[in-house]
Amino acid sequence: MTFPGAPTGPRDGSRLRVLAAMSGGVDSAVAAARAAEAGHDVTGVHLALSANPQSFRTGARGCCTIEDSRDARRAADVIGIPFYVWDLAERFREDVVEDFVSEYAAGRTPNPCLRCNEKIKFAALLDKALALGFDAVCTGHYATVVTHDDGRRELHRASDAAKDQSYVLGVLDDRQLAHAMFPLGDTLTTKDEIRAEAERRGLAVARKPDSHDICFIADGDTQGFLAKRLGTAEGAIVDEDGTRVGSHEGAYGFTIGQRKGLRIGTPAPDGKPRYVLDISPVDNTVTVGPAEALDVTGLTAIRPRWCGDVPPAGEAAYTAQLRAHGEDVPVRAEVVDGELRVRFAQPVRGVAPGQAVVLYDGTRVVGSATIATTERRERPAAAHA
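The following refers to the structure shown. (Residues numbered from 1 in each chain as written. Predicted model: local features only at pLDDT ≥ 70, side-chain atom pairs only at ≥ 80, totals over all residues. Heavy atoms only, no water.)

The next subject is the nonpolar core. Generally speaking, a soluble globular protein has its nonpolar side chains buried in company with each other. Within the largest apolar cluster, 44 residues are counted, with the highest numbers of intra-cluster contacts made by Phe100, Leu155, Phe182 and Phe216. Contributions of two or more residues to this core are made by β1 (17–21), β2 (41–48), α3 (89–105), α4 (112–131), β5 (143–147), α7 (222–230) and β16 (356–361). Among the elements that line this core, the one with the most residues is α4, at seven residues. Residues contacting Leu155, with those up to four places away along its chain left out, are Ala143, Thr144, Val145, Ser166, Leu169, Leu177, Phe182, Cys307, Thr363, Arg364 and Val365. In this structure, Ala29, Ala32, Ile81 and Phe83 belong to the second largest nonpolar core, which totals 27 residues. (Core = buried A, V, L, I, M, F, W, Y, C linked by side-chain atoms within 4.5 Å. Buried < 20%, exposed > 50% of the residue type's maximum accessible area, 1.4 Å probe, protein only. Helix = DSSP H or I, 4+ residues; strand = E, 2+ residues; numbered from the N terminus. Contact = heavy atoms within 4.5 Å.)

Taking 1.5 Å per residue as the helical rise, helix α2 (residues 66–79) with its 14 residues ought to reach 20 Å, and the 20 Å between its terminal C-alpha atoms agrees with that figure. Every buried residue belonging to α2 is among Asp68, Ser69, Asp71, Ala72, Ala75 and Ala76, and all of these are buried. Projected onto a plane normal to the axis of α2, the buried residues spread over an arc of 160 degrees and lie on a single side. Residues of α2 that are buried make contact with α1 (26–37), β2 and β3 (83–87). Just past α2, the residue Gly80 takes up positive phi, approximately 90 degrees. (Expected span 1.5 Å × (residues − 1). Arc of directions from axis to C-beta.)

Right, let's talk about the side chain of Ser28 for a bit. With respect to the element layout, Ser28 can be found in helix α1. With a relative accessible area of 6%, Ser28 lands in the buried category. At 3.1 Å, the side chain of Ser28 forms a polar contact with the backbone nitrogen of Ser23. (Polar contact = N/O pair within 3.5 Å; in protein donor to acceptor, adjacent residues only side chain to side chain.)

That is the geometry; function is a separate question.
Structure representation (structure tokens):
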């Protein structure tokens, strides 16, 4: 079996030394198996990212448990490849978990999966792999790498849009993309068919539930996780006019666009639901209002990273994705003084600072940047008087 976009190595131009990141799940196991079947010299590695791993995960929540490392080892044995466990817990804590906590403390909404790909899988892991003589890092992400005749490499959406994960890979730069391998990206199959392939290969993880939510918060209680690290501090929930309508135990427990869990004692005059419009960590205040107040017409994003290409020159039309598995929206964007300025063709809702905006040119990933500020659509004064 072959697949497009595999890096070409310095040895014979086709057979590579590949380090396969094996999480203990079905996708990474099948990806490693396909890389080995394609004739590459594959070694499996499981990343120990928790300093105190649990023995068992809770259903489909969490990862990096002792159970996961054992599942990855069993898969490697079946595939017939060497296997190691690498301890990156301290690097993960510093670059992903602490970043996650500090971003929420600042009133922003981070994406830890994107940060893990940038800092762990395609930085710490890749650097170590290259130092050991490997040519590529293989993962079970659903994305496609296209290599042109002149050697240029581009990241594109997966063939199956429903499983596409290019959004969380938009942080990969040209060097990282040159050593990335995604054997599942060109697969036009359902997840059930991937599981069936794993079963045919004799991989015991074929029926293992996918992990979801935030991997280092196994019980799914993000607010409880943050409260243990940031403490509790009672603050006010106010409406657009500054009238107090409720209270909370920490502004960090909210995200822009949130509707549920507000515990507002005073209903809105029009009886309609209210949403989180703004989070102010300075005075520990959360502002709520109607859905239409969430309409965003533009944004400014910082720390842009261009995926396998040079920065775009001048203003141009793209599509943008604002969250994992979010819809494409048409935009015009340009780089101004090192920042990405984006204007939406139509207002969009629920855009939060701290999230990533990823630009696409068709299926090609242009780059990713972190949203710093947003511009809201002006509403008549009477609408919030």
